[in-house]
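Below, each chain spelled out in residue letters.
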Amino acid sequence: MSFLFISASFSVAFTALIITRITCMSNIKAAITAVGGYVPDYKLTNAILATMVDTNDEWITTRTGIKERRILKDKDKGTSYLAIQAALDLIKKKDLDPLSIDLVIVGTVTPDMPVASTAAYVASEIGAVNAFSYDLQAACSSFLYGMSTASSYIESGRYKKVLLIGADKMSSIIDYKDRTTCIIFGDGAGAALFEATEDQKVGYEDEILRSDGVGRNFLKIEAGGSLMPASHDTIDNNQHVVFQDGKNVFKYAVSNMADVAEKIVKRNNLTNEDVDWLVPHQANKRIIDATAKRVNLPDEKVMMNIDRYGNTTSATLPLLLNEYESQLKKGDKLVFAAFGGGFTWGSILLTWAYNS
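Quick notes on the rules
Residues numbered from 1 in each chain as written. Predicted model: local features only at pLDDT ≥ 70, side-chain atom pairs only at ≥ 80, totals over all residues. Heavy atoms only, no water. Helix = DSSP H or I, 4+ residues; strand = E, 2+ residues; numbered from the N terminus. Rg over C-alpha atoms; globule rule 2.2 N^0.38 Å. Buried < 20%, exposed > 50% of the residue type's maximum accessible area, 1.4 Å probe, protein only. Contact = heavy atoms within 4.5 Å. Areas by Shrake-Rupley, 256 points an atom, 1.4 Å probe, with all protein chains shown as cover. Pairing = 2+ DSSP bridges. Axes fitted to C-alpha atoms, helices over the stretch in contact; angles between N-to-C directions. UniProt positions renumbered as here; feature names shortened; annotations may be inferred. Phe/Tyr/Trp six-rings, centres within 6.5 Å; stacked < 30°, edge-to-face > 60°. Salt bridge = Lys/Arg side-chain N within 4 Å of Asp/Glu carboxyl O.

### Notes on the overall build of the protein
Within the protein one finds 12 helices and 13 strands. Taken over C-alpha atoms, the radius of gyration comes to 22 Å for the protein, in line with the 21 Å a tight globule of 356 residues would show. Projecting the C-alpha coordinates of the protein onto the three principal axes gives extents of approximately 90 × 45 × 40 Å. For the protein, buried positions account for 51% of its 356 residues. Counting contacts in the protein only where the partners sit at least 6 residues apart, residues at least 24 apart contribute 77% of the total. Counting every atom, the protein has about 16600 Å² of accessible surface; 54% of that belongs to carbon and sulfur.

Given below as structure tokens:
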């Protein structure tokens, strides 16, 4: 009789413990608690580009909004260098112990090497030796998709600190004789730390993420993968650099990036007054303007640095956060939007968690 009573008591206690744990986990939200960034010193201006390819400042500015972009000139430094500098900037500002980081994700389309993980090297170099790490590739949407991934890890309750880095050395895959691409891209990196919060008024709120393989032929590097391994012919044919069908990419980007931004605003019953900031991928000022117009946001609510950095691919969103950090206030509602090759695109709603 006493055994049955003890068993019943244990069962009730165990059930209560499970319910308590589930309740606690359901109260966990992922929040960005620190940001960092890095861009190389060298400025590739429109004037310099005009000496390299048939173009001029007016032509570039009118079509893209770009005035200059940063280039990592050191031949012995790759994307990992950019990522490490951005991570170290965050670590210093946050006074963060790297040993406390559980996971490092590096969003990039320009890893240091095929096969060998860039994220693993970055984690080791910044002292995050207790973390596991991996690369994430979704073209210009890499950081956006990474936000979803990092938040999910945090909200699962299994990990406490996830460092998400977006970094690309685009100059390593650009043909500087092709004016359709060389005017657009630059090098840089940004980082964001995701941690748990029980404050239900801040943190990760909602996401709409999409992809469509129709974009495979419009924005790509043709050779170097399993479909077309490197050979003398692919090198001679210049097939290891970015190819872009500008008109089609622009058409899809304008439509889809604006659509998802509008949908996430409407789905969360927000007005343009409720949204404090649009955080758009920095590919083209006309695409940014179209997205802002769709959600009816004035210029002063749109984060922008495309004029100075160009399109840094995976790094654009975190670089924006790093640059605008001093203007962000706890409770600000941020709408992220991005579009990339593949095609990949999406929008995320996040409420800012701290005052800098």
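### Observations regarding the sheet that holds strand β7 (residues 187-197)
Strand order in this open sheet of five strands is β1-β7-β6-β4-β5, and the pairing throughout is mixed. Where the open sheet ends on each side, the last strands, each with one partner, are β1 (29-38) and β5 (132-136). Averaged over all pairs of adjacent strands, the angle between strand axes in this sheet comes to 20°, irrespective of strand direction. Here strand β6 (residues 161-169) runs beside β7; their pairing, made up of nine bridges, is antiparallel. Within β7, the position partnered with D168 by the bridge is G188.

### Considerations on the UniProt feature "domain: Beta-ketoacyl-[acyl-carrier-protein] synthase III C-terminal" (unreviewed entry) in the protein
Under the UniProt annotation, the feature "domain: Beta-ketoacyl-[acyl-carrier-protein] synthase III C-terminal" (unreviewed entry) is placed at residues 266-352. For residues 266-352, the end-to-end C-alpha separation is 19 Å, with 29% helix and 23% strand making up the annotated structure.

### A short note on the packing of aromatic side chains
Taken as a whole, this structure holds 12 aromatic pairs when the rule is applied. Measuring from ring centre to ring centre gives 6.0 Å for F132 and Y153, while their planes differ by 75°; the resulting arrangement is edge-to-face. You can see F132 sitting in strand β5 and its partner Y153 sitting in helix α6 (residues 142-155), a full 21 residues away along the chain. A relative accessible area of 19% means that Y153 is categorised as buried. Between F339 and F343, the ring centres sit 4.9 Å apart and the planes meet at 45°, which makes this aromatic pair tilted.

### Some points on the pattern of salt bridges
Scanning the entire structure with this criterion turns up 16 salt bridges. For K94, the salt bridge is made with E195, and the minimal N-O distance between the two is 3.6 Å. With K94 in helix α4 (residues 79-94) and E195 in strand β7, the pair connects residues that are 101 residues apart, well separated along the chain. For K94, a relative accessible area of 33% puts it in the partly exposed group. Residue E195 is classed as buried on the basis of its relative accessible area of 13%. Sharing partners across several salt bridges, the network here consists of D259, E262, K266 and R294.

### Here we look at the sheet that holds strand β13 (residues 344-351)
Strands belonging to one sheet form pairs held by backbone hydrogen bonds; the direction of such a pair is parallel or antiparallel. Spatially, four strands are ordered β8-β13-β12-β11 in an open sheet, and the strand pairing comes out mixed. A single partner strand is all that each edge strand has here, and the edge strands are β8 (203-211) and β11 (277-280). Averaged over all pairs of adjacent strands, the angle between their axes in this sheet comes to 15°, without regard to strand direction. The pairing of β8 with β13 spans eight bridges and is classified as antiparallel. Bridge assignment links I208 to a residue of β13, and that residue is S347. In this fold α6 packs onto β8, β12 (333-340) and β13, with an angle of close to 135° to the strand it touches most, β8.

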